[in-house]
Amino acid sequence: MLQHLHIENIAVIERADIQFMPGFNVLTGETGAGKSIVIDSLCAILGARTSRDLIRHGQSKAVVSALFCGLTAGVLAKAADLGFACEDDSLLVSREIGQDGRNTCRVNGRPASVGVLKALGEALINIHGQNDGMALLSDDSHIDYLDAFGGYQEELQEYYREYRSLLALRRQIKEKAERDAELRRQADLLQFQHQELEAAGLTAGEYAALSQKRLLLANVEKTAANVAEAKTALYGDDEAPGAVGLLTIAEARLRECESWSDQLRDFSARARELLALSQELERDVNAFSNAMDFSPEELAQVEERLDVIGRLMKKYVRDEEGLIALEQETAGQLATIEAMDEDFSALNDQYAAKRDQVQALSQKIHQLRRQAAARLTQRVEQELRQLDMPHARFQVQVESAGEGGHVKFTRKGTDAVTFLMTANPGETFKPLAKIASGGELSRIMLAIKSVLAGADLAGTLIFDEIDTGVSGRAANKVGEKLFSLSLQKQVLCVTHLPQIAALGQHQYLIAKQVEEGKTQTQVGLLDRQGRIAEIARMTAGMDITQQTLRNAGEILSIAEKFQKSAGQSGGQEQES
């Protein structure tokens, strides 16, 4: 439960420390005194969006902190999952809001994000404001109320997982279809490019080799003459010996005397090496000379081949290796196009199977919702009778889009849930928006919240003027219902009705005053006499008489008798 709330520099509240009690706590005060500021402060602790306008004028920052004690195992487990394991059953949550827009959040003194506060807040406090009654008018919210009551969260989570997988497959199919369409649009171009490159029959290094050969062929006559002279210089002719012959003589002479001196032995070895190199050179030159049988046609062929490769290089703006890579790339894309239909068929099969799975899960949830709808209908009608609506009939209608025709899956399944009601005998069921008044909406909301309270993880329920549009006997019934709820959970209620204020076990007065030209709001816990005075003000306004005070005291006494009897019966029910 919420044990202590500290507020500093929030709007007109300079500083307030509120010690809340177990059971039913009511907050009262004049309109504009600052009751909503207390709720706004609690919302900040719960991770709600805040504005710098919330900071008190002239201050650089605002601070809110709240101490929660007596937390259940479920809440402690959620805190641990978020990385904030507790040594005991309490949590201290704080948030500092700066004029620069920065937020500093802490949980048990450790830094936390606003997202962590929001996740924790869902398990700590459940706030029901004036807008919740309006939410009942929207059919979109009805399915959430039913699911919160139903107790089939595991099935909902399983459905949502598979639903997301279905969406992922749908996106994959769409993206593949777009890629495939683009490839098909390029198919003719790819086919032409591949055929052109394949027909060229390119091989790595061919362009450089042909360029070298073209140079040789362009100078074939001069090359032949020079090679012939080189052969003569190496091998000699009838008139004089060549280099090979002279080196043969030199090597032989040096070999004859190599044993006479180390230096001569070195000369002999070097001569043998030179002789071997010259003989090898002579053989290679001779072989090259014999192979020089080039024709003008061969040069033309080389030129033509170089022109083909050069044209492709210029066309595709790639070198020889790039052209070979492009041929392989186009071949792969063409293969992909050929396999597209088969791949698309397999993907569609996966989607169909996943869709069947999601459909089956949605039908399972549909049946669970129908069962829960019957239970919720019965429970809400019981609560409405206790809230002075004895003739009201309530109905939860569950319709499935999966019972025929086209099925449209949503993150919540295929169901549409609508709350219907008839307030008077003989009338037909109609949507709440068409028949419910403001006071009826408040009581319907309270009835639903009462039913859902047992399944709510939060230990503190806050009702912010949920009694709007309620008066007289109905106000008593609303107060009694809030008190009954406080036997299960801690209840905080902001109210303007004396009947509801009197039924509170602890009453806090929120009062605004001006000191030294500055507006200050104070929050104080009232004793019994203070409660009588405040209830008298709520009943008669500012014209408080002795009779008004006696009436207020009587209202409080009647409420105390009800609390005693309801508390005893509540305890007996819990024991049984």
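This one's a predicted model, so the numbers in the text were calculated from it and none came from an experiment.

1. Brief notes about the overall build of the protein chain
When you go through the protein chain residue by residue, the secondary structure sums to 18 helices and 15 strands. Here the C-alpha radius of gyration of the protein chain, 47 Å, is well above what a compact globule of 576 residues would show, namely 25 Å. Taken along its principal axes, the extent of the C-alpha atoms in the protein chain is 155 × 65 × 50 Å. Burial statistics for the protein chain: of 576 residues in total, 42% are counted as buried.

2. A look at the nonpolar core
Grouped together as the largest cluster of nonpolar side chains are 67 residues, with contacts concentrated most on F24, L146, V396, F419 and F463. Apart from residues lying up to four places away in sequence, V396 is in contact with L146, A373, L376, T377, V417, T418 and F419. Listed in part, the 44 residues of the second largest apolar core include L27, A66, F68 and A123.

3. Points about the sheet that holds strand β8 (residues 125–128)
The mixed open sheet is built from six strands, whose spatial order is β8-β12-β13-β3-β14-β15. The outermost strands of the open sheet, each flanked by one partner alone, are β8 and β15 (518–525). The average undirected angle you get between the axes of adjacent strands in this sheet is 15 degrees. Bridge count between β8 and strand β12 (residues 460–464): four bridges; the pairing is parallel. When the bridges of β12 are listed, I125 appears paired with T460. Packed onto the sheet, helix α17 (residues 528–540) meets β3 (24–28) and β14 (506–515) and runs at close to 75 degrees relative to β14.

4. Comments concerning the packing of aromatic side chains
Scanning the model with the defined rule gives six aromatic pairs in all. Three or more aromatic residues joined by ring pairs form one cluster here, namely Y145, F394 and F419.

5. Some remarks on the environment of E122
For E122, the position within the fold is in helix α3 (residues 114–124). Along the sequence, E122 and P498 sit 376 residues apart, while their C-alpha atoms lie 30 Å from each other. Apart from residues lying up to four places away in sequence, E122 is in contact with K78 and A458.

6. Some thoughts on the side chain of T330
Relative to the helices and strands, T330 is located in helix α12 (residues 320–386). Engagement of the side chain of T330 in a polar contact is seen with the side chain of H194, the distance being 3.3 Å. Apart from residues lying up to four places away in sequence, T330 is in contact with L190, Q193 and H194.

7. Description of the pairing of strand β1 (residues 2–10)
In this structure, β1 lies alongside strand β4 (residues 61–68), joined through six bridges in antiparallel fashion. Looking at β4, one finds that H4 is bridged to L67. The sheet contact formed by β1 and strand β2 (residues 13–19) spans six bridges and is antiparallel. Within β2, the residue paired with L5 across the bridge is I18. Hairpin connection, β1 to β2: the antiparallel pair is bridged by two residues, and A11 has positive phi, about 50 degrees.

8. A closer look at the pattern of salt bridges
Under the definition given, this model contains 24 salt bridges. The residue K61 makes a salt bridge to E96 at a minimum N-O spacing of 3.4 Å. One end of the pair, K61, is in strand β4; the other, E96, is in strand β5 (residues 91–98), and 35 residues separate them in sequence. Residue class for K61 comes out partly exposed when judged on its relative accessible area of 37%. E96 sits in the partly exposed class, given a relative accessible area of 28%. Through salt bridges with shared partners, one network takes in E251, R255, E258 and R272.

9. Examining the packing of helix α2 (residues 73–81) against α3
At a minimum axis separation of 10 Å, α2 and α3 run at an interaxial angle of 175 degrees. Classified by the angle their axes make, α2 and α3 are roughly antiparallel. Of the residues in α3, those in contact with V75, K78 and A79 of α2 are A119, L120, E122, A123 and L124. Counted by class, the contact of α2 with α3 contains six nonpolar, no polar and two charged residues.

10. Here's the deal with α17
Here α17 spans 18 Å end to end across 13 residues, near enough to the 18 Å set by a 1.5 Å rise per residue. Among all positions of α17, only G530, R531, I532, E534, I535, A536, R537 and M538 are buried. Directly after α17, the chain includes G541, whose backbone phi takes a positive value near 80 degrees.

Criteria and thresholds
- Residues numbered from 1 in each chain as written.
- Predicted model: local features only at pLDDT ≥ 70, side-chain atom pairs only at ≥ 80, totals over all residues.
- Heavy atoms only, no water.
- Helix = DSSP H or I, 4+ residues; strand = E, 2+ residues; numbered from the N terminus.
- Rg over C-alpha atoms; globule rule 2.2 N^0.38 Å.
- Buried < 20%, exposed > 50% of the residue type's maximum accessible area, 1.4 Å probe, protein only.
- Core = buried A, V, L, I, M, F, W, Y, C linked by side-chain atoms within 4.5 Å.
- Contact = heavy atoms within 4.5 Å.
- Pairing = 2+ DSSP bridges.
- Axes fitted to C-alpha atoms, helices over the stretch in contact; angles between N-to-C directions.
- Phe/Tyr/Trp six-rings, centres within 6.5 Å; stacked < 30°, edge-to-face > 60°.
- Polar contact = N/O pair within 3.5 Å; in protein donor to acceptor, adjacent residues only side chain to side chain.
- Salt bridge = Lys/Arg side-chain N within 4 Å of Asp/Glu carboxyl O.
- Parallel < 35°, antiparallel > 145°, perpendicular 65-115°, else oblique.
- Nonpolar A, V, L, I, M, F, W, Y, C, P; charged D, E, K, R; others polar.
- Expected span 1.5 Å × (residues − 1).

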